[in-house]
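Here is how the chains run, residue by residue.
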Amino acid sequence: MKAFQARALWITAPEASEIREVNGQAAADNVLVKTLFSGISRGTEQLVFGGHVPPTEHEVMRAPFQDGDFPFPVKYGYAAVGEVQSGVLEGHAVFALHPHQSHFAVPQSAIFAVPENVPPSRAVLAANMETAINIVWDAGIGPGDKVAVVGCGVVGALAGYLAGRIPGTEVTLIDIDPDRANLADQLGCSFARPDIEMDDADVVIHASATDAGLATAIGLAGVEATIIEASWYGTRV
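Residues numbered from 1 in each chain as written. Predicted model: local features only at pLDDT ≥ 70, side-chain atom pairs only at ≥ 80, totals over all residues. Heavy atoms only, no water.

1. So, the nonpolar core
The condition that has to hold: Within this scheme, the nonpolar core is defined by two criteria: the residues are buried Ala, Val, Leu, Ile, Met, Phe, Trp, Tyr or Cys, and they are joined through side-chain atoms within 4.5 Å. Accessible area is worked out with a 1.4 Å probe on protein chains only. A residue is then buried under 20% of its type maximum, exposed over 50%, and partly exposed in between. Secondary structure follows DSSP: runs of H or I at least 4 residues long count as helices, runs of E at least 2 residues long count as strands, and numbering of each begins at the N terminus. Here, residues are in contact when the closest pair of their heavy atoms is within 4.5 Å.
One finds Ile141, Val147, Val171, Leu173 and Ile205 to be the most contacted residues of the largest nonpolar core, which totals 21 residues. Residue assignment for this core shows that the elements contributing at least two residues are helix H3 (126-139), strand E10 (146-150), helix H4 (154-163), strand E11 (170-174) and strand E13 (201-206). If we skip the residues at most four places from it in the chain, Leu173 touches Val149, Cys152, Gly156, Ala157, Gly160, Ala184, Leu187, Cys189, Ser190, Phe191 and Ala192. Among the nonpolar cores identified, the runner-up in size contains 17 residues, and Tyr78, Ala79, Val114 and Ala123 belong to it.

Printed below as a string of structure tokens:
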């Protein structure tokens, strides 16, 4: 076994956190990784940070390699990109579902090599992209559908981007922040504010995690439309 030291982010109380020193051991069959980038989920991790994970969901919401238990203290997170320090992939960038920690050791089966043409800083979005793919699958979007995405955060934007790759789709990203218009344009989507006059969308994806956003999503739906609720509210219902 190989010893290593690291720093890890722990959430210790509602909206309170601290950096703790970690003394770890990397087993012979583990891969030691030095973290380069660690992504914070604006939705799920905000709920964890605020102590809004319902008791009924404590086990379901556990992250891979999480330490501690809900509500607190807990070491949480699931989007890390790092550089392998030893073994077959030494020197390569990899993605892992691991909490925020400067160094960590995991089985090789828990890491995924980042393609050479993907910047490590972008690869940290892999977990968000997985969520977006599942949303689009659940939505059953087909060629020619008119799609509205309410909430142009990371997950909503990625879902819109994927929907726009389906032939013939017309995708509009909707957000209260007008600055998101540039992002929508870069993703090949149209942009609108929540007061858009639309009531004929075939598929509506709600990803704003707000009551107002959900009301907007319902208002955009056409006859026999599909509405996908992609937000999670925790105890804030």
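What follows continues from the structure just given.
2. Remarks on the pairing of strand E7 (residues 93-96)
As a reminder of what qualifies: Should DSSP find at least two bridges between two strands, the strands are regarded as paired.
Where burial is concerned, the two faces of E7 agree: the one with Ala93 and Phe95 and the one with Val94 and Ala96 are both buried. Where strand E6 (residues 80-84) meets E7, four bridges bridge the pair, whose relative direction is antiparallel. Among the inter-strand pairings, Glu83 is bridged to a residue of E7, identified as Ala93. One ladder, built from three bridges, connects E7 with strand E9 (residues 111-113); its direction is antiparallel. Looking at the pairing, Val94 lines up with Ala113 of E9.

3. Quick word on the sheet that holds E13
Note the cut-off: Inter-axis angles, ranging from 0 to 180 degrees, are taken between N-to-C directions of lines fitted to C-alpha atoms, where helices are fitted over the stretch in contact.
Across the sheet, which stays open at both edges, the five strands sit in the order E12-E11-E10-E13-E14 with parallel pairing between neighbours. Each edge of the open sheet is held by one strand with a lone partner, namely strand E12 (190-192) and strand E14 (221-229). Put simply, the sheet's adjacent strands are angled 25° from each other on average, direction ignored.

4. Focus on the pattern of salt bridges
Convention followed: Here, a salt bridge means any side-chain nitrogen of Lys or Arg that lies within 4 Å of a carboxyl oxygen of Asp or Glu.
Under the definition given, this model contains five salt bridges. A salt bridge links Glu18 to Arg20; its shortest N-O distance comes to 2.7 Å. Judged by its relative accessible area of 36%, Glu18 falls in the partly exposed class. Residue classification places Arg20 among the partly exposed residues on the basis of a relative accessible area of 29%. Close ionic contact of Lys146 with Asp200 constitutes a salt bridge, the shortest N to O distance being 2.8 Å. Taken together, the positions of Lys146 in strand E10 and Asp200 in the loop between E12 and E13 put the pair 54 residues apart, joining distant regions of the chain.

5. A few points about the packing of aromatic side chains
Each pair of aromatic rings is reported with the distance of its centres and the angle of its planes. How we decide: Here is the rule: rings of Phe, Tyr and Trp (six-membered ring for Trp) pair when centre to centre is within 6.5 Å. Planes less than 30 degrees apart are stacked, more than 60 are edge-to-face, and the remainder are tilted.
Tallying each qualifying case throughout the model produces two aromatic pairs. For the ring pair Phe70 and Tyr76, a centre distance of 5.6 Å and an interplane angle of 55° mean the geometry is tilted. Classification of Phe70 by relative accessible area gives buried; the value is 10%. Residue Tyr76 is classed as buried on the basis of its relative accessible area of 5%. Seen from their ring centres, Tyr76 and Tyr78 are 6.2 Å apart, and the 90° between their planes marks the pair as edge-to-face. Among the aromatic residues, ring-to-ring pairing joins Phe70, Tyr76 and Tyr78 into one connected group.

6. Side note on the side chain of Asn128
Mapping Asn128 onto the fold places it in helix H3. Accessibility expressed as a relative area gives 16% for Asn128, which makes it buried. Residues within four places of Asn128 in sequence aside, it is in contact with Val154, Val155 and Leu158.

In short, the description is geometric, and any link to function would need to be established separately.
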